[in-house]
Amino acid sequence: MCRSILLDMLGEATITVQNGDLSGLTGLFWRYVSLSLATIYLPRTLLTLTAKGVVDAGVVILRSMDGPLELRYRRRKIIVPRSDVIFIPADGPTDIVLPEGGRLDFAHLPAYSLAAKRDLLKPVMLKPIDAGCLPLQLLTNYAGYLLRQEHHSEQDAGMMVEHFYDLLPVLAQHMGNGSAPSAPQTRLDSIKARIEENLASGTYSVSDVAEAEGITPRAVQKFFSREGATFSRYVLERRLAVAKTMIIAEGATRPISQVAYLVGFNDLSYFNRTFRNRYGMKPSEWRKVAAGREA
């Protein structure tokens, strides 16, 4: 269960424990199509969590409740006091050190849910936020409510998640950023944002994004080649990642064929084949496995 949570939120991850082991871990986990929440009760000893990051260019929120948290992101080292919160990019390699172990809280905000708010979050990224910050308290209260409830109606859950996201601009403004969103930091950021906004369109192409950006399709491909990827491969990975989240979040309430259509696949056979190639199982099998984990 712990490995599943870490894989979804931070990518491939390992935990090194100085004393003791990870047997008997307990925790809480709640997942919705646009938000995932988790609390893991780790051993009360020094431990290090090393994560590679995920393809999804979303955001992970972290909080250590029993001691400080040391975050090593790329070449930066950040100390986060107990109960304070930090926002980190989900797609970068990260080392998390908990000198005293204990409870660790997570929230994963997928990229497609942040398209309209990403720029507002820049002032709060990779900066410890004091637990006494009122907008942050409201944010964590909503998260705690969702995490503790055993049953939610679709309407209640959607409303709580909507309130959660509505508080992000309030938090950013509280942290001193009341200005309008700025342009994406890089051209590739802008391209990726356009892709997120158009994932549901099965015909969205490199020519479409090039026209919107005022550059050539070849230039778009060059931006991705610098990251060791291609436009089509990146779009496919994002569609599969969103589909995987939707399958888990909505259980058996939405047919697999509809999930495929909603993330831009017009061919169900192609969707099933690429999903299996990426995750090692068919979408229907993944739904059964996820349902068993949550049970």
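Reading the values: rules and limits
- Residues numbered from 1 in each chain as written.
- Predicted model: local features only at pLDDT ≥ 70, side-chain atom pairs only at ≥ 80, totals over all residues.
- Heavy atoms only, no water.
- Helix = DSSP H or I, 4+ residues; strand = E, 2+ residues; numbered from the N terminus.
- Buried < 20%, exposed > 50% of the residue type's maximum accessible area, 1.4 Å probe, protein only.
- Contact = heavy atoms within 4.5 Å.
- Areas by Shrake-Rupley, 256 points an atom, 1.4 Å probe, with all protein chains shown as cover.
- Core = buried A, V, L, I, M, F, W, Y, C linked by side-chain atoms within 4.5 Å.
- pLDDT = per-residue confidence, 0-100.
- Pairing = 2+ DSSP bridges.
- Salt bridge = Lys/Arg side-chain N within 4 Å of Asp/Glu carboxyl O.
- Axes fitted to C-alpha atoms, helices over the stretch in contact; angles between N-to-C directions.
- Phe/Tyr/Trp six-rings, centres within 6.5 Å; stacked < 30°, edge-to-face > 60°.

Peer 1: Sorry if this is basic, but what is going on with the overall build of the protein here?
Peer 2: Helices and strands together make up the secondary structure of the protein, namely 11 helices and 10 strands. Burial analysis of the protein (295 residues in total) assigns 49% to the buried set. In the protein, the proportion of contacts linking residues at least 24 apart, taken out of those at least 6 apart, comes to 73%. If you sum the accessible surface of the protein, you get close to 14500 Å²; carbon and sulfur atoms cover 50% of it.

Peer 1: What exactly am I supposed to notice about the nonpolar core here?
Peer 2: Soluble globular proteins: nonpolar side chains tend toward being buried together. In this structure, W30, L35, F87, L109 and I195 are the most contacted members of the largest nonpolar core, which totals 58 residues. In terms of residue count, the dominant contributor to this core is helix α8 (residues 231–249) (nine residues). Listed in part, the 28 residues of the second largest apolar core include I15, F29, A90 and F106.

Peer 1: Looking at this structure, I do not really get the confidence of the model for the protein. What am I missing?
Peer 2: Chain-level statistics for the protein give a pLDDT mean of 82 and a share of 86% at 70 or above. Within the protein, helix α1 (residues 2–10) has the poorest average pLDDT of any element, 66, and helix α10 (residues 268–279) the best, 93.

Peer 1: I would appreciate a short explanation of the side chain of S34 in the present structure.
Peer 2: Its place among the elements puts S34 in the loop between β2 (26–32) and β3 (35–41). Not counting the four nearest positions on each side in its chain, S34 is found in contact with H108, P110, Y112, S113, V161 and Y165.

Peer 1: Hey, could you run me through the pairing of β3 in this one?
Peer 2: Note on strand geometry: in a regular strand, side chains alternate between the two faces of the sheet. Counting buried positions over the seven residues of β3 gives six, a clear majority of the element. In this sheet, β3 lies alongside β2 in antiparallel orientation, the contact comprising seven bridges. In the sheet register, F29 faces β3, and the bridge partner there is A38. Bridge count for β3 against strand β10 (residues 103–109) is six bridges, and the pairing is antiparallel. In the sheet register, I40 faces β10, and the bridge partner there is L104.

Peer 1: It is not clear to me how the pattern of salt bridges should be interpreted in this structure. Could you clarify?
Peer 2: Should the charged atoms of two oppositely charged side chains come close, the side chains can pair. Under the definition given, this model contains 10 salt bridges. Between E70 and R72 there is a salt bridge, with the nearest N and O atoms lying 3.3 Å from each other. With a shortest N-O distance of 2.4 Å, E213 and R194 are connected by a salt bridge. Taken as a pair, E213 in helix α6 (residues 206–213) and R194 in helix α5 (residues 187–197) lie far apart in primary sequence, 19 residues in all.

Peer 1: How should I be thinking about the sheet that holds β3 in this particular structure?
Peer 2: The pairing of strands in a sheet comes from backbone hydrogen bonds and takes either a parallel or an antiparallel form. Overall, antiparallel pairing links the five strands, which are arranged β2-β3-β10-β5-β8 in an open sheet. Across the chains shown, the open sheet's two edge strands, defined by having one partner strand only, are β2 and β8 (85–89). Each adjacent strand pair in this sheet contributes to an overall mean axis angle of 15 degrees, direction not counted. In the sheet, strand β5 (residues 59–64) pairs with β10 via six bridges, with the strands oriented antiparallel. From the neighbouring strand, R63 faces β10, where its bridge partner is D105. The strands that helix α3 (residues 134–148) touches are β2, β3, β5 and β8; relative to β3, the one it contacts most, it runs at about 80 degrees.

Peer 1: How should the packing of aromatic side chains be read in this particular structure?
Peer 2: Between two aromatic rings, the relevant description is the distance of the centres plus the angle of the planes. Using the criterion set out here, one finds eight aromatic pairs in the structure. Consider the rings of F224 and F231, whose centres lie 6.0 Å apart with planes at 80 degrees: the pair is edge-to-face. According to the relative accessible area criterion, F224 is buried, its value standing at 0%. Using a relative accessible area of 6% as the deciding quantity, one classes F231 as buried.

Peer 1: Could you clarify how one ought to interpret the environment of G264 in this entry?
Peer 2: Structurally, the position occupied by G264 is in the loop between α9 (256–262) and α10. Residues G264 and L199, spaced 65 residues apart in sequence, show a C-alpha to C-alpha distance of 5.7 Å. The contacts of G264, once residues within four sequence positions are left out, are L199, A200, S201, G202 and R239.

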